[in-house]
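Residues per chain, in single letters:
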Amino acid sequence: MRIRIGLVALALALGACAPPDVAIDETSTSSTTTTTAPTTTTTTTAPPVTGTDSTTTTAPTTTTTEPLPPLTGLALEQAADGLTEPIGVAFRAGDELLYVVERRGVIRAVDSRGALLEEPFADLRSVVHTGSIEQGLLGLAFHPEDPDRAFVFHSRPDNDNQLVEYRVANGQLDPSTARVLLVVDREADKIRHNAGNILFGPDGLLYLSVGDGARASVNGQDPSTILGTIVRIDADSGDPYGIPDDNPFIDGGGAAEVFAWGLRNPWRFSIDPETMALYIGDVGQDDFEEINIAPIGEPGRNFGWPIMEGDEEFYGGEVDGELVGPAFTVDHGDDGGCSITAGPVYRGAAIPEYDGRLFFADWCRGWIRSVAASADALSDVLDHSSELPAGMVSSFGLDADGEVLVVDYAEGRISRIVPVRSENG
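Let me sum up the structure you'll find in this document.

Reading the values: rules and limits
- Residues numbered from 1 in each chain as written.
- Predicted model: local features only at pLDDT ≥ 70, side-chain atom pairs only at ≥ 80, totals over all residues.
- Heavy atoms only, no water.
- Buried < 20%, exposed > 50% of the residue type's maximum accessible area, 1.4 Å probe, protein only.
- Helix = DSSP H or I, 4+ residues; strand = E, 2+ residues; numbered from the N terminus.
- Pairing = 2+ DSSP bridges.
- Contact = heavy atoms within 4.5 Å.
- Patch = residues over 30% accessible without salt bridge, like charges linked within 9 Å, V, L, I, M, F, W, Y side chains within 5 Å.
- Areas by Shrake-Rupley, 256 points an atom, 1.4 Å probe, with all protein chains shown as cover.
- Salt bridge = Lys/Arg side-chain N within 4 Å of Asp/Glu carboxyl O.
- Lys, Arg positive; Asp, Glu negative; His and termini not counted.
- Charge placed at Lys NZ, Arg CZ, Asp CG, Glu CD.
- Core = buried A, V, L, I, M, F, W, Y, C linked by side-chain atoms within 4.5 Å.
- Disulfide = S-S within 2.5 Å.
- Phe/Tyr/Trp six-rings, centres within 6.5 Å; stacked < 30°, edge-to-face > 60°.
- Lys NZ or Arg CZ within 6 Å of the ring centre and 35° of its normal.
- Axes fitted to C-alpha atoms, helices over the stretch in contact; angles between N-to-C directions.

Comments concerning the pairing of strand β30 (residues 393-398)
Here is step 1 of the chain: Most of β30 is tucked away, with 5 of its 6 residues classed as buried.
Here is step 2 of the chain: Note that β30 and strand β31 (residues 404-408) share 5 bridges and pair antiparallel. Directly across from Val393, in β31, lies its bridge partner Asp408.
Here is step 3 of the chain: Linking β30 back to β31 in an antiparallel pair, the connection comprises 5 residues, with Gly402 at a positive phi of about 80°.

And the structure:
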């Protein structure tokens, strides 16, 4: 849609005021759905049979189907405890450990029993700045093909942020291998709206969310800065990185690293390999939180901040080009709230009834909800508040089996969403 909007006469205040940021909530009415658990298929292959003519044949397979007991609800199962202000969790290929990002600048490893390893995986407190609740060690991702390469995003003492690559040696991050890839220049007195999530997509490219630096009127609609954007780079080429051929500004007109823009504070996002899309939770200002969809194959989406907040005019103004509205909004009205935390689209095996549902949460109210996700829409909201009392959800993650992890900032706890099934079948 092409949008031409008159300038709003009254200038609205820029910042929200809560960890990772302010805003949120949703007035969608939860619907009650009844689902039937699909059957599970077990395939058994008999050992090879060697014939007298020295040829090898394989005996026929047998297939049995065993229906799962009916799903009666969801619950939280503790996966780790005793953490300090956790804001993220990452999985490393070929490793049974979970890696938890603590805002203070420490990365803790958790074993399969839920026990914290005594020695931190990394202690970066000497370089990480934590002057405000929105600053600190903000993101971690391991390279999917080379898990000995780790990427972190953090605040610096000068209030700038930086993306740094490290090597892993002897089971720990090696500080001596630090290689700064990208520095996000910020005004020295602006400390909020840093975002900082890092993910590798199924295309092998690195995606990074960057907040607008608390200067919406300056940065929100200026793609020549990477503030208020999703950055996409190739960490496997170039010096210090390469630019994907279809990035929208590779030939000029904006920063070459920009994949999408017009965002306020995209604190957390996920990438679903089945829909091949990013689901971006953008923390709101006055009235709305939003989740935006950015298909990997459609770079260059402008999500409209600060011309729009949610589906409504905010600052207003003129823009040449197309603004893409949110796929889902959370109204600050009836439910209140303050800051949206977007999670993953569920693709695990334990709860097949929830396949294709995107989980998200509210930082202030402590609720968790889910919506059915496609490549271009979000629908059918379900409220899990009563069964998933999660507290201050700063982030979500996935374990090695693709099950959803919930990060509780205040309680210092990681929990796993698990099914509750009828014992009677």
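On we go from here.
Quick look at the environment of Pro295
Here is step 1 of the chain: Checked against the element boundaries, Pro295 lands in strand β21 (residues 288-295).
Here is step 2 of the chain: Taking C-alpha positions, Pro295 is 3.9 Å from Ala277, a pair spaced 18 residues apart along the chain.
Here is step 3 of the chain: Excluding residues within four positions of it along the chain, Pro295 makes contact with Phe259, Met276, Ala277, Arg301 and Ala375.

Digging into a negative patch on the surface
Here is step 1 of the chain: The grouping of Asp286, Asp287, Asp311 and Glu312 at the surface amounts to a negative patch.
Here is step 2 of the chain: Considering the arrangement of structural elements, one finds Asp311 in the loop between β22 (308-309) and β23 (312-313).

Observations regarding the nonpolar core
Here is step 1 of the chain: With 63 residues, the main nonpolar core has Leu140, Leu163, Tyr279, Phe360 and Leu378 as its most contacted residues.
Here is step 2 of the chain: Per-element tally for this core: the top contributor is strand β11 (residues 137-142), with 5 residues.
Here is step 3 of the chain: Residues Leu74, Ile368, Val393 and Val406 belong to the second largest nonpolar core, which totals 16 residues.

Concerning the state of the cysteines
Here is step 1 of the chain: Tallying each qualifying case throughout the model produces 1 disulfide.
Here is step 2 of the chain: The disulfide that involves Cys338 links it to Cys364, with 2.0 Å between the sulfurs. Across the disulfide from Cys338 to Cys364, rotation about the S-S bond amounts to roughly 95°, and the bridge is consequently right-handed. One end of the pair, Cys338, is in the loop between β25 (328-331) and β26 (340-345); the other, Cys364, is in the loop between β27 (357-362) and β28 (368-373), with 26 residues separating them in the sequence.
Here is step 3 of the chain: Exposure remark for Cys338: the relative accessible area of 5% places this residue in the buried category.
Here is step 4 of the chain: The exposure class assigned to Cys364 is partly exposed, which follows from its relative accessible area of 44%.

Focus: the packing of aromatic side chains
The geometry of an aromatic ring pair comes down to the distance between the two centres and the angle between the two planes.
Here is step 1 of the chain: This structure, assessed with the given rule, holds 12 aromatic pairs.
Here is step 2 of the chain: Between Phe151 and Phe200, the aromatic rings sit 5.4 Å apart at their centres with planes inclined by 65°, giving edge-to-face as the arrangement. You can see Phe151 sitting in strand β12 (residues 149-155) and its partner Phe200 sitting in strand β15 (residues 195-200), a full 49 residues away along the chain. Residue Phe151 shares its accessibility class with Phe200, and that shared class is buried.
Here is step 3 of the chain: Of the aromatic side chains, those joined through ring pairs into one cluster are Tyr99, Phe121 and Phe142.
Here is step 4 of the chain: For Arg268, the ring lying beneath its charged end belongs to Trp267, and the centroid distance is 3.8 Å.
Here is step 5 of the chain: In this arrangement the basic side chain of Arg369 is found over the ring face of Trp367, its NZ or CZ atom lying 3.7 Å from the centre.

Examining the sheet that holds β21
What links the strands of a sheet is backbone hydrogen bonding, and the strands pair in either a parallel or an antiparallel sense.
Here is step 1 of the chain: Strand order in the open sheet formed by 4 strands is β19-β20-β21-β25, and the pairing between neighbours is antiparallel. For this open sheet the edge positions go to β19 (268-272) and β25, each flanked by a neighbour on one side alone. Across the sheet, the axes of successive neighbouring strands diverge by a mean angle of 15°, strand direction being ignored.
Here is step 2 of the chain: The pairing of β19 with strand β20 (residues 277-282) spans 5 bridges and is antiparallel. What sits directly across from Ile271, in β20, is Leu278.

Things to note about the pattern of salt bridges
Here is step 1 of the chain: According to the stated counting rule, one finds 25 salt bridges in the structure shown.
Here is step 2 of the chain: With a closest N to O distance of 2.8 Å, Arg421 and Glu353 form a salt bridge. On the criterion of sequence distance, the pair formed by Arg421 in strand β32 (residues 413-421) and Glu353 in the loop between β26 and β27 is long-range, its members being 68 residues apart.
Here is step 3 of the chain: The network of salt bridges with common partners includes Arg149, Glu165, Arg179 and Asp236.

Some details on the sheet that holds β11
Here is step 1 of the chain: If you trace the 4 strands from one edge of the open sheet to the other, you get β11-β12-β13-β14, paired in antiparallel fashion. If you trace the sheet from one side to the other, it starts and ends with β11 and β14 (172-184), each paired once. Going across the sheet, the axis of each strand differs from the next one's by a mean of 25°, ignoring polarity.
Here is step 2 of the chain: Across 7 bridges, β12 lies against strand β13 (residues 161-169) in antiparallel orientation. Within β13, the position partnered with Ala150 by the bridge is Tyr166.

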